[in-house]
Amino acid sequence: MSENTKSAADAFAELLAVKKPTVEHLKTLALLEAAGGAFYDWYLAGAPNDEVRKLLARNGQEEIGHAHRLRRVIKLLHGEDFEIPPLDRNPYGAVPAIK
């Protein structure tokens, strides 16, 4: 994967303007979804109780699920294998430090 210099916000804004998504747009969307899972995990640290933690954890898992479904879409539409990288190699995976 090429080195990315766009922020997640910039990448998302670019996707909103797309009229006909390419395989690269789908890959970017998958990476953003996977990174979204990490943000829900980050919010877990400040959750006030177990019920909220469970809901946030489930949302994070669903984001990862979205990324993996997009991976399958990429394969079906473009015949290309695309692996969701670990968070430390996801260009949009940086989350703020927990204070």
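Just so you know, these numbers come straight off a predicted model, no measurement behind them.

Calculation criteria
Residues numbered from 1 in each chain as written. Predicted model: local features only at pLDDT ≥ 70, side-chain atom pairs only at ≥ 80, totals over all residues. Heavy atoms only, no water. Helix = DSSP H or I, 4+ residues; strand = E, 2+ residues; numbered from the N terminus. Expected span 1.5 Å × (residues − 1). Buried < 20%, exposed > 50% of the residue type's maximum accessible area, 1.4 Å probe, protein only. Contact = heavy atoms within 4.5 Å. Core = buried A, V, L, I, M, F, W, Y, C linked by side-chain atoms within 4.5 Å. Salt bridge = Lys/Arg side-chain N within 4 Å of Asp/Glu carboxyl O. Polar contact = N/O pair within 3.5 Å; in protein donor to acceptor, adjacent residues only side chain to side chain.

### Some points on helix α3 (residues 50–78)
Helical periodicity: at 3.6 residues per turn, an α-helix aligns residues three or four positions apart in one direction.
Then, in step 1: Spanning 29 residues, α3 covers 42 Å between terminal C-alpha atoms, matching the ideal 42 Å at 1.5 Å per step.
Then, in step 2: The set of residues buried in α3 consists of Leu56, Gly60, Glu63, Ala67, Leu70 and Ile74.
Then, in step 3: Contact partners of the buried residues in α3: α2 (23–44).
Then, in step 4: A positive phi of about 65° marks Gly79, the residue just after α3.

### So, the environment of Arg58
Then, in step 1: Residue placement: Arg58 occurs in helix α3.
Then, in step 2: Exposure remark for Arg58: the relative accessible area of 53% places this residue in the exposed category.
Then, in step 3: Separated by 18 residues in sequence, Arg58 and Tyr40 place their C-alpha atoms 8.7 Å apart.

### Examining the nonpolar core
Then, in step 1: Ranked by size, the top nonpolar core spans 15 residues in total, and within it Ala30, Leu32, Ile74, Phe82, Ile84 and Tyr92 carry the most contacts.
Then, in step 2: Only α1 (8–16), α2 and α3 provide two or more residues apiece to this core.
Then, in step 3: At seven residues, the largest contribution of residues to this core is made by α2.

### A word on the pattern of salt bridges
Oppositely charged side chains can form a pair if their charged atoms are brought close together.
Then, in step 1: Inspection of the entire model under this criterion finds six salt bridges.
Then, in step 2: Here Glu24 and Lys27 are joined by a salt bridge, their closest N and O atoms 3.4 Å apart. In this pair, Glu24 and Lys27 are both assigned in helix α2, three residues apart and thus about one turn of the helix distant.
Then, in step 3: Lys27 sits in the buried class, given a relative accessible area of 13%.
Then, in step 4: For Asp81, the salt bridge is made with Lys75, and the minimal N-O distance between the two is 3.2 Å.
Then, in step 5: We classify Asp81 as exposed; its relative accessible area is 59%.
Then, in step 6: Because the salt bridges share partners, they merge into one network encompassing Glu24, Lys27 and Glu80.

### Side note on the side chain of Glu33
Then, in step 1: Inspection of the secondary structure assignment puts Glu33 in helix α2.
Then, in step 2: A distance of 3.1 Å separates a polar atom in the side chain of Glu33 from a polar atom in the side chain of His66.
Then, in step 3: Those residues in contact with Glu33, other than ones at most four positions away along the chain, are Glu63, Ile64, His66, Ala67 and Leu70.

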